[in-house]
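Analysis of the macromolecular model
Read off the chains here:
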Amino acid sequence: MTYRVAILAFVVAMAGTTHAFAQEAGPGPGTVEVSIIPGGGTFFTEGDSQGPSFGNYDLGGSVTVNFNRYVGVEGEVSGALGVTQSLDFNGTSLNDVKTPHMLNYSGNLIVQALTGHSLVPYVTGGVGGLSLFERAGLGITDTETFFTGNVGGGVKWYSGRWGLRGDYRFIAVQSKDDAPAFWGQETRYGHRVYGGIILNVVR
């Protein structure tokens, strides 16, 4: 009798474990996610004095570690590649000028709202740095690095181990007194939008 009870208990326990695993393996955030960002845009608004407004092409990637299915941390690195465009700088209109390349890196807290479906909205915010690379024609003679903060959100869509995400960030870049006139002598604000591909590395 004890032998049969033990077998029955084992079968029930395995069935419960299989059911729980099946629920965990459904669409949704994994323990570790990698996001590849093939395309997006970063747009900085005009400064209060001479700093021009401009936009750069954005690409990069991120790694997210989720403590549970609701809260995680994300490390992100992205490049805002300079684009040839017209600028109003220091009271002068400049045509066909290529903006400087930028490298943005940040650590963020991400909070996800599970809906029971494949779509998962989230909010996020964090701090990091932005490196502005040399562009002699705009008076940027060396690489400059600035402290940044960001807040935003987006939505993720999952299908098994793969998914897609759309993301928006509001970015604030802290000023520096010795920064080039083109960028950084006053606090600058920007908007970053991108689409990405998600891979659940660890479920």
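Residues numbered from 1 in each chain as written. Predicted model: local features only at pLDDT ≥ 70, side-chain atom pairs only at ≥ 80, totals over all residues. Heavy atoms only, no water.

**Overview of the environment of Asn200**
Positionally, Asn200 belongs in strand β10 (residues 188-202). At a separation of 3.2 Å, a polar atom in the side chain of Asn200 contacts the main-chain carbonyl oxygen of Gly28. A polar side-chain atom of Asn200 sits 2.9 Å from the main-chain amide nitrogen of Gly30. (Helix = DSSP H or I, 4+ residues; strand = E, 2+ residues; numbered from the N terminus. Polar contact = N/O pair within 3.5 Å; in protein donor to acceptor, adjacent residues only side chain to side chain.)

**Topic: unusual backbone geometry**
Despite not being glycine, Asp96 shows a phi value in the positive range, around 55°. Position of Asp96 among the secondary structure elements: in strand β5 (residues 92-98). By relative accessible area, which is 67% here, Asp96 ends up exposed. (Buried < 20%, exposed > 50% of the residue type's maximum accessible area, 1.4 Å probe, protein only.)

**Let's talk about the sheet that holds strand β7 (residues 119-132)**
Read once around its circumference, the closed barrel built from eight strands follows the order β1-β2-β3-β6-β7-β8-β9-β10, with strand pairing classed as antiparallel. Taken pair by pair, the neighbouring strands of this sheet meet at an average axis angle of 25°, ignoring direction. (Pairing = 2+ DSSP bridges. Axes fitted to C-alpha atoms, helices over the stretch in contact; angles between N-to-C directions.)

**Some words on a nonpolar patch on the surface**
A contiguous nonpolar surface patch, about 660 Å² in accessible area, is contributed by Ile36, Leu119, Val155, Trp157, Trp162, Leu164 and Ile197. Among the secondary structure elements, those contributing two or more residues to the nonpolar patch are β8 (144-159) and β9 (162-173). Residue placement: Val155 occurs in strand β8. (Patch = residues over 30% accessible without salt bridge, like charges linked within 9 Å, V, L, I, M, F, W, Y side chains within 5 Å. Areas by Shrake-Rupley, 256 points an atom, 1.4 Å probe, with all protein chains shown as cover. Salt bridge = Lys/Arg side-chain N within 4 Å of Asp/Glu carboxyl O.)

**A closer look at the side chain of Glu74**
As for its position among the elements, Glu74 is in strand β3 (residues 71-81). Within the local environment of Glu74, its side chain forms a polar contact with the side chain of Thr64, the two groups lying 2.7 Å apart. Of note is the side chain of Glu74, whose polar atom sits 2.9 Å from the side chain of Arg165. Beyond its immediate sequence surroundings of up to four residues, Glu74 is in contact with Ser62, Val63, Thr64, Ser106, Gly107, Asn108, Arg165 and Arg169. (Contact = heavy atoms within 4.5 Å.)

**Digging into the pattern of salt bridges**
Applying the stated rule across the entire model yields nine salt bridges. Of the charged contacts, one joins Glu144 and Lys176 as a salt bridge, the two residues approaching to 3.2 Å between their closest N and O atoms. Of this pair, Glu144 sits in strand β8 while Lys176 is found in the loop between β9 and β10, placing the two residues 32 residues apart along the sequence. Accessibility expressed as a relative area gives 25% for Lys176, which makes it partly exposed. Two residues, Arg169 and Asp167, come together in a salt bridge whose shortest N-O distance is 2.8 Å. When its relative accessible area of 1% is taken as the criterion, Arg169 is described as buried.

**Some points on the side chain of Thr99**
Relative to the elements of secondary structure, Thr99 occurs in the loop between β5 and β6 (102-112). Classification of Thr99 as buried rests on a relative accessible area of 0%. Polar contacts involving the side chain of Thr99 include one to the main-chain amide nitrogen of Val83, which spans 3.0 Å. Within the structure, the side chain of Thr99 is placed 3.5 Å from the side chain of Gln85, a separation counted as a polar contact. Sequence-distant contacts of Thr99, that is, excluding residues within four places in its chain, are made with Phe54, Gly55, Asn56, Gly82, Val83, Gln85, Leu87, Arg135 and Leu138.

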